[in-house]
Each structure stands twice: as structure tokens, then as C-alpha cells.
Amino acid sequence: MFPLRIFAVPAALLLACCVYLPLPRAREGLDAALRRLYAPFARAFTRKNGQTDDMPALLVCLLILGGVLLPLAALHPVIATVLMAPAFTGLSALPPGARVKDELDSGKYARDIPAYEALVRETCRSLAPAFVSGIAAPMILCAAGMPLYLGPSLGLGYTLLCALAPQAPAAARIAAAVQRVAERVFCAFMLLCAGAVGRNPLRTRGHGAQGRLLSILGIAGDGADTHAPMAGDIPQGIFLCGFASFILCFTLCVLGFVLCR
């Protein structure tokens, strides 16, 4: 049955596209709902001096959340797909990037070239963290958990940690550790897909996903640029990140078939 369940991960990503692309603010609503879910646990572990023990509160919250999602995910792969879809929050960064490109194409910055180039770089730079934290990380966790029906538990548990990161240091540390692993994996797949945008991966540089993406696009500003930043670099960056995510998803599906055949 597992080879069939692994398709729940790409299906969840496709379902997330149908939600986050037309409704990018849905992520804000999801984060607010997860914070409300955590609030009773935080109050239960708050001392009389007002200090909250984040780690035990998080562990109890994650265990209860996982315990609720586990039997639901085991019922049917379609239910697992629906439960995992909200974890792919990185897609909510694409509509703002498209709006920035439209703004640049409108000629608003025609007389301010430095601001134009800075906005292109900043927009492209923001794509990499969104894909790492909101697509690659939950995809790896969901795929790893699917053999034991833990995909939704791991995916939404990680999303809960990301939502609580600004207010709970323990959540920020755990989420950052997951993202560091996901960033290394995603950088490797971006290099693998660099040829799709006409770049030799061996001639790219940069540290982390942000620097590597700008280097592949040729707008890193490090003396090895292939051209000045332009509005077309934004959709090219989206395509590269999306293609790398697709190859990563395909690889995870193949690994699922091979390991659980």
C-alpha cells in the first residue's frame, strides 16, 4: 500500500497550489489558527512569574496534534493528502512575486535603475527561503512519515513550529534545524536544475539557497554576473525553484517505490 500512499505527497502539493496561489493570505489565517491551538498549552506551562516553559508545552501540543492526525491519515490516502496540503506554505510567496514583476513592467522604476535592480534582487532573494522552509522542508518530512501514516503529523507539526517561531525560542530552534537540512537538499537540486535556465552549475557560487539562486540567475552582484537584474529574472527564479521542487518530489516518490517495494 505504501507505493500508493507516496502519491499523497505530490497530490498535497498540487492541492496546496489550488489554495495558496489564489489565496496567498491563507497562510496568515493558518498561522493564527495554529497559535490559537497552542495557546492553552502555553498557559498550562506558564509559571507564576509569567515565564513559559516552551519545550514541554511544544512537546505536549505536538504529541496531541500527531495523535489526532495519525488515525485520520491512516483511513485513506485522500484524507492524508488534504491534511498535508496546508503545510506547503511556501506557495504563498509566488503571488507577491508576480505582483512585483507587474509593477516593474509598468515602468514605475524607469527613471530609478538602482531601485529597479535592488527590487529584482530582493524579490529573487526572498524566493529561496520560501521554497526551502515552505516546500522542501515539509515535503521531506511528509514523505519520510508516509510509511507509518505520519506524513500529516510531521508536516503540520513542522508548520506549527514555524508559526510559533517568533514567540517560542524552542520552536524556532527546532524549525531552524529542519530548515538547515532542507536548505542543503534544495541547493543540491537547484544546482541539478541549473541547466534548465541555461547555467553551468560548476560556474555558480554563493552560500545558502539565497546566494546560490542569485548566482544561478546571474544577478548576485559578485563580479560574475551575466547581466543586469531585470524583471524577467523573477519568473525565471520561480521556474527554477519550482522545477527543483518538482525533481525533489519525483525523487522522493522514486525512493518510496524502491525502498518499500
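Enquirer: For this particular structure, what's the right way to read the overall build of the protein?
Expert: Along the protein, the regular secondary structure elements total 11 helices and zero strands. Seen in sequence order, the protein has helices and strands lined up from the N terminus as α-α-α-α-α-α-α-α-α-α-α. Here the C-alpha atoms of the protein give a radius of gyration of 20 Å, agreeing with the 18 Å that 2.2 N^0.38 yields for 261 residues. Taken along its principal axes, the extent of the C-alpha atoms in the protein is 55 × 55 × 30 Å. Evaluated residue by residue, the protein yields a buried proportion of 43% over its 261 residues. If you take every contact in the protein between residues at least 6 apart in sequence, the share linking residues at least 24 apart comes to 71%. By element, 66% of the accessible surface of the protein is carried by carbon and sulfur atoms, the whole surface being about 12,800 Å². Computed over 22 positive and 14 negative side-chain charges, the inter-centroid distance for the protein is 9 Å.

Enquirer: It is not clear to me how the side chain of T204 should be interpreted in this structure. Could you clarify?
Expert: Among the secondary structure elements, T204 is positioned in the loop between α9 (169-192) and α10 (208-217). Classification of T204 as buried rests on a relative accessible area of 9%. A polar contact of 2.7 Å, which involves the side chain of T204, links it to the backbone oxygen of P201. In this structure, T204 is in contact with L191, R199, R212, S215 and I216, ignoring residues within four places of it in sequence.

Enquirer: It is not clear to me how a nonpolar patch on the surface should be interpreted in this structure. Could you clarify?
Expert: Where nonpolar side chains cluster on the molecular surface, the patch consists of F7, F239, F243, F246, F250, V254, F257 and V258 and spans about 750 Å² of accessible area. Mapped onto the secondary structure, F239 falls in helix α11 (residues 233-259). F239 gets classed as partly exposed once you look at its relative accessible area, which sits at 43%.

Enquirer: Help me understand the packing of helix α4 (residues 54-75) against α9 in this model?
Expert: The angle between the axes and the distance between the axes are what describe a pair of packed helices. Running from N to C, α4 and α9 cross one another at 65 degrees; their axes reach a closest spacing of 8 Å. Residues D54, M55 and L58 of α4 form the contact with α9, whose participating residues are P169, A170, A171, R173 and I174. Residues that form the contact of α4 with α9 fall into these classes: six nonpolar, no polar and two charged.

Enquirer: Mind showing me how you'd approach helix α5 (residues 77-84) here?
Expert: Three- or four-residue spacings in an α-helix give side chains the same orientation, since the helix completes a turn every 3.6 residues. Every buried residue of α5 is accounted for by A80, T81, L83 and M84. Considered in projection along α5, the buried side chains sweep an arc of 170 degrees and stay on one side of the axis. Where the residues of α5 are buried, they touch α2 (8-20), α4, α7 (113-145) and α8 (151-164).

Enquirer: What is the right way to read unusual backbone geometry from this model?
Expert: A negative phi holds for most residues other than glycine; trans holds for most peptide bonds. In this structure, Y149 is a non-glycine residue whose phi angle is positive, near 65 degrees. Inspection of the secondary structure puts Y149 in the loop between α7 and α8. The partly exposed category is assigned to Y149, whose relative accessible area is 30%.

Enquirer: Would you take a moment to explain the environment of E183 for this structure?
Expert: Assignment of secondary structure puts E183 in helix α9. A relative accessible area of 28% places E183 in the partly exposed class. Taking the C-alpha atoms as reference points, E183 and G66, 117 residues apart in sequence, are found 25 Å from one another. Residues in contact with E183, not counting those within four places in the same chain, are V132, G208 and A209. Within the structure, E183 has its side chain in polar contact with the backbone nitrogen of A209 (distance 2.9 Å).

Enquirer: Whenever I open this one, the side chain of R121 confuses me. Can you help?
Expert: Along the chain, the position of R121 falls in helix α7. A distance of 2.7 Å separates a polar side-chain atom of R121 from the backbone oxygen of I219. Beyond its immediate sequence surroundings of up to four residues, R121 is in contact with L214, I219, A220, G221, D225 and P229.

Conventions we followed
- Residues numbered from 1 in each chain as written.
- Predicted model: local features only at pLDDT ≥ 70, side-chain atom pairs only at ≥ 80, totals over all residues.
- Heavy atoms only, no water.
- Helix = DSSP H or I, 4+ residues; strand = E, 2+ residues; numbered from the N terminus.
- Rg over C-alpha atoms; globule rule 2.2 N^0.38 Å.
- Buried < 20%, exposed > 50% of the residue type's maximum accessible area, 1.4 Å probe, protein only.
- Contact = heavy atoms within 4.5 Å.
- Areas by Shrake-Rupley, 256 points an atom, 1.4 Å probe, with all protein chains shown as cover.
- Lys, Arg positive; Asp, Glu negative; His and termini not counted.
- Charge placed at Lys NZ, Arg CZ, Asp CG, Glu CD.
- Polar contact = N/O pair within 3.5 Å; in protein donor to acceptor, adjacent residues only side chain to side chain.
- Patch = residues over 30% accessible without salt bridge, like charges linked within 9 Å, V, L, I, M, F, W, Y side chains within 5 Å.
- Salt bridge = Lys/Arg side-chain N within 4 Å of Asp/Glu carboxyl O.
- Axes fitted to C-alpha atoms, helices over the stretch in contact; angles between N-to-C directions.
- Nonpolar A, V, L, I, M, F, W, Y, C, P; charged D, E, K, R; others polar.
- Arc of directions from axis to C-beta.

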